[in-house]
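Working through the structure, step by step
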Amino acid sequence: MIAIEEIRAARERIAGAAVRTPLVRLHVEDAPGEIWCKLETLQPVNSFKIRGAANCVRAADPGLVRGGLVTASAGNAAQGVAWIARELGVSATIAVPEHAPGAKLEAIARLGGTVLKLPYADWWQAIVTSRVEGVEGFFVHPVADPAVMAGNGTIGLELLEDLPDVDAVVIPYGGGGLTVGIGSALRALRPQTRVYTVEPETAAAVVAARAAGEPTAVEYVPSWVDGSGSRGVLSEMWPRVAPLIDDALVATLEETAGAVRLIAERLSVIAEGAGALAVAAALAGRAGGGKIVAIVSGGNIDFAILALILRGESPT
């Protein structure tokens, strides 16, 4: 658990980089409860990742940062790191898995980052070891760094200020940093709020870990929902995540595509697959009733995939 004092300090530190995003009611007929969307799609890099990256780098020793920044990311954390690197005038090298979507790679390049494509196993190893083989620089872990998690936790502060009596919060799970950050804020300030993770059915590592009582390997099927799900929960993250969550949920690819479409229709907001997972799970009733906040974590989606979804199709 991240101390609430660290999360409050992070809010001051990331000012001017991250913005306070709106919490907007998603009006849906026959919904199981009031569904509210925390629109992290409206951050400068179109995802929540700017919060953790900004806090981590701004809290670091400037001497270490001057040598350049390095991270391993499927795309959104990469953009957060590249954005901060550009602000500081230093280099940013980003290791990405080979299946990373073009929209995210183009955004990294637009921000001045250097992309290094790796096979998934090598990319995952970089996350596990906190280093990219052959690349020097200050490594910003996309998930497990406490400063990154504290930055993510500022979302929890904001949503509680906007909706103090929230009953449940649904958080898309990639590596756990978002869950630990928000969950820590909620447990400190409103412990009765239910906290759920959600993953795509194609890579439900948290579901498997809860069933086994420890991280366990799962079959990983790459899909267009690229920012969530993995082959297994990081071992160092599980002790942090497990006490903070009430349950682990899944959403089907079809449900997630429907949520992307609904968010576009009702809120005029573009959500990527991972960003729509929480809405999908909430609409399906898996988070129960009452006032439910769905974290719409990002909006970086390939337009070709978005076009398919808006035509009523469900990509694989």
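1. Here's the deal with the packing of aromatic side chains
- Under the defined criterion, the tally for this structure stands at four aromatic pairs.
- With a centroid separation of 5.4 Å and 50° between ring planes, the pair formed by Tyr-120 and Trp-123 is classed as tilted. Residue Tyr-120 and its partner Trp-123 are both found in helix α6 (residues 120-129); the two are separated by three residues, about one turn of the helix. Accessibility classification places Tyr-120 together with Trp-123 in one group, the buried group.
- Here the aromatic rings of Trp-123 and Trp-124 are separated by 6.2 Å at their centres, their planes lie at 50°, and the arrangement is tilted. Neither residue differs from the other here; Trp-123 and Trp-124 are each classed as buried.
- A connected cluster of aromatic rings, assembled from ring pairs, spans Tyr-120, Trp-123, Trp-124 and Tyr-220.

2. Topic: the environment of Val-140
- Examined against the element boundaries, Val-140 turns out to sit in the loop between β6 (138-139) and α7 (146-162).
- Taking the relative accessible area as the measure of exposure, Val-140 reaches 2% and is therefore buried.
- Counting along the chain gives 67 residues from Val-140 to Ser-73, while the straight-line C-alpha distance between them is 10.0 Å.
- Sequence-distant contacts of Val-140, defined by excluding residues within four places in its chain, comprise Cys-56, Val-57, Val-70, Thr-71, Val-81 and Val-148.

3. A short note on the pattern of salt bridges
- Tallied over the entire structure, the rule returns 14 salt bridges.
- Between Asp-162 and Arg-20 there is a salt bridge; the shortest N-O distance is 3.0 Å. Of this pair, Asp-162 sits in helix α7 while Arg-20 sits in the loop between α1 (4-13) and β1 (23-26), placing them 142 residues apart in sequence.
- Asp-162 gets classed as partly exposed once you look at its relative accessible area, which sits at 38%.
- What emerges from the salt-bridge pattern is a single network uniting Arg-11, Arg-20, Glu-161 and Asp-162.

4. Thoughts on the sheet that holds β1
- Read across the sheet, six strands follow the order β1-β2-β10-β7-β8-β9 without closing on themselves; strand pairing throughout is mixed. Each having just a single partner strand, β1 and β9 (247-251) make up the two edges of the open sheet. Strand-to-strand twist of the sheet, defined as the mean angle between neighbouring strand axes without regard to direction, takes the value 30°.
- Packed on one face of the sheet, α7 meets β1, β2 (34-39), β7 (168-172) and β10 (291-296) and runs near 145° to β10.

Each value, and the rule that gives it
- Residues numbered from 1 in each chain as written.
- Predicted model: local features only at pLDDT ≥ 70, side-chain atom pairs only at ≥ 80, totals over all residues.
- Heavy atoms only, no water.
- Phe/Tyr/Trp six-rings, centres within 6.5 Å; stacked < 30°, edge-to-face > 60°.
- Helix = DSSP H or I, 4+ residues; strand = E, 2+ residues; numbered from the N terminus.
- Buried < 20%, exposed > 50% of the residue type's maximum accessible area, 1.4 Å probe, protein only.
- Contact = heavy atoms within 4.5 Å.
- Salt bridge = Lys/Arg side-chain N within 4 Å of Asp/Glu carboxyl O.
- Pairing = 2+ DSSP bridges.
- Axes fitted to C-alpha atoms, helices over the stretch in contact; angles between N-to-C directions.

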